[in-house]
Amino acid sequence: GWEVFSVIKGALEIHWILACGFVALIFMVGVMAWRLIWHFLHDRENIEALESIQKNAQRLSEVNDLGGAKLLIEEFNLFYFNKPQNLYFQRCLKQLPDYSNDREVVEHIERVFLQPLDKEALRRVSNYSLQTGTAVAVSPWASLDMLLSLWRSIKMIDDIAQVYGIRPSMFNRYKLLKLVIHQLVFVAVSEVVIDQVMEEFGSSTLSGMAGARLGQGLGAGIYTAKIGVAAMKVCRPMGFSCEAKPNLKSLFSLIANNLKSMIFK
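Remember, it's a predicted structure, so these values are computed and weren't measured experimentally.

A. Region of interest: the overall build of the chain. A count of helices and strands for the chain gives 12 helices and zero strands. In the chain, the succession of helices and strands from N to C terminus is α-α-α-α-α-α-α-α-α-α-α-α. Counting over 265 residues, the chain shows a buried share of 40%. At a minimum sequence separation of 6, the contacts of the chain that also span at least 24 residues come to 74%.

Dropping the structure here:
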């Protein structure tokens, strides 16, 4: 504030027009900053539009009617308007056959438009899981492990949301966190983790890991991956088909092997 006052005072000594121009510039910057803060705090339309798309896509995927997909395409166009993903969605529409029924439209959008986004989201989930697992494995403090895992998980959810085109407002983040937690409530995470790791590495190998630093890191990495996959389900404009579901076994195996190679070089 003092710097702004000093600049205005110095500008007035030169010419009042210069001072007015500086005040106008400060005002414009302030208005733009306020708009960003307002959208960050109050933007609800983005997440509500996503939920509408998810419901319509689920309904259309269960029928073989014609004409119903036009509304879905319009919703996609509005949702991705002025976003980087819009270019890829328009390319997807150009490849859509004219004779497609509603279910085929949904399948085409998932295969051509969403599956590449899924690959990028999974790549980010894998990176965050590996970072979290490595940090926990080398850290001797449990409190630091907890804070680190929480921070990286929230950052990962934010990144996954942006991959699928959700703007990072406070309301959207709160709603996403709530939905991801809701997803995890219905998944026996610890049981799945134990089953997957036991199947992949065998009980004797797992016992050896548990006695080393790798045990904690592996658990944190796999749990982070589960959170990431739950976030993908929440943020994705359509539910996963059987063919498009993430392969958790291969993801867990990749995390475990990468952790082993990084820690025991």
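B. How the structure looks around the pattern of salt bridges. Under the counting rule described, the total for this entry stands at six salt bridges. The salt bridge involving D118 is made with R236; its shortest N-O contact spans 2.7 Å. With D118 in helix α6 (residues 102-138) and R236 in the loop between α11 (213-235) and α12 (248-263), this pair connects stretches of sequence that are 118 residues apart. Its relative accessible area of 5% is what places D118 among the buried residues. Owing to a relative accessible area of 0%, R236 belongs among the buried residues under this scheme.

C. Spatial organisation of unusual backbone geometry. Phi angles above zero are rare outside glycine, and N82 is one such case at about 65°. Residue placement: N82 occurs in the loop between α4 (69-79) and α5 (85-94). The class of N82 is exposed, set by a relative accessible area of 69%.

D. Representation of the packing of α4 against α6 in the model. Between α4 and α6, the shortest axis-to-axis distance is 9 Å and the interhelical angle comes to 30°. It follows from the interaxial angle that α4 and α6 lie roughly parallel. In this structure, α4 contributes A69, L72, I73 and F76 to the contact, and α6 contributes D102, V105, V106, I109 and F113. Each residue belonging to the contact of α4 with α6 can be placed in one class, and the counts come to eight nonpolar, no polar and one charged.

E. Broad picture of the nonpolar core. Within the largest apolar cluster, 48 residues are counted, with the highest numbers of intra-cluster contacts made by L72, F76, I109, F113, I160 and M238. Those elements giving two or more residues to this core turn out to be α3 (45-60), α4, α5, α6, α7 (142-163), α11 and α12. Here this core gets 10 residues from one element, more than from any other, and that element is α6. Each residue touching I160, except ones within four places of it in the same chain, is listed here: V125, G228, A231, M232 and C235.

F. Summary view of the packing of aromatic side chains. Within this structure, the stated rule accounts for seven aromatic pairs. Relative to F113, the ring of F89 lies with its centre 5.2 Å away and its plane at 70°, an arrangement referred to as edge-to-face. Here F89 is found in helix α5, whereas its partner F113 is found in helix α6, with 24 residues between them in sequence. Pair check on accessibility: F89 and F113 agree, each one buried. Taken together, the ring pairs in this structure connect F76, F79, Y80, F89 and F113 into an aromatic cluster. The ring of F79 carries K83 above its face, with NZ or CZ at 3.9 Å from the centroid.

G. How the structure looks around the side chain of S100. Tracing the backbone shows S100 in the loop between α5 and α6. On the basis of relative accessible area, S100 is assigned to the buried category, the value being 13%. One polar contact links the side chain of S100 to the main-chain carbonyl oxygen of P97, over a distance of 3.0 Å. Every residue in contact with S100, bar those within four places of it in the chain, is listed here: L66 and V105.

H. Seen up close, the confidence of the model for the chain. In this model, the chain carries a mean pLDDT of 76, and residues with pLDDT of at least 70 account for 74%. Contacts of residues 186-192 to residues separated by more than four positions or lying in other chains number six contacts, the stretch itself having pLDDT below 50. In the model, residues 203-207 has pLDDT below 50 throughout and makes three contacts with residues more than four positions away in sequence or in other chains.

Conventions we followed
Residues numbered from 1 in each chain as written. Predicted model: local features only at pLDDT ≥ 70, side-chain atom pairs only at ≥ 80, totals over all residues. Heavy atoms only, no water. Helix = DSSP H or I, 4+ residues; strand = E, 2+ residues; numbered from the N terminus. Buried < 20%, exposed > 50% of the residue type's maximum accessible area, 1.4 Å probe, protein only. Contact = heavy atoms within 4.5 Å. Salt bridge = Lys/Arg side-chain N within 4 Å of Asp/Glu carboxyl O. Axes fitted to C-alpha atoms, helices over the stretch in contact; angles between N-to-C directions. Parallel < 35°, antiparallel > 145°, perpendicular 65-115°, else oblique. Nonpolar A, V, L, I, M, F, W, Y, C, P; charged D, E, K, R; others polar. Core = buried A, V, L, I, M, F, W, Y, C linked by side-chain atoms within 4.5 Å. Phe/Tyr/Trp six-rings, centres within 6.5 Å; stacked < 30°, edge-to-face > 60°. Lys NZ or Arg CZ within 6 Å of the ring centre and 35° of its normal. Polar contact = N/O pair within 3.5 Å; in protein donor to acceptor, adjacent residues only side chain to side chain. pLDDT = per-residue confidence, 0-100.

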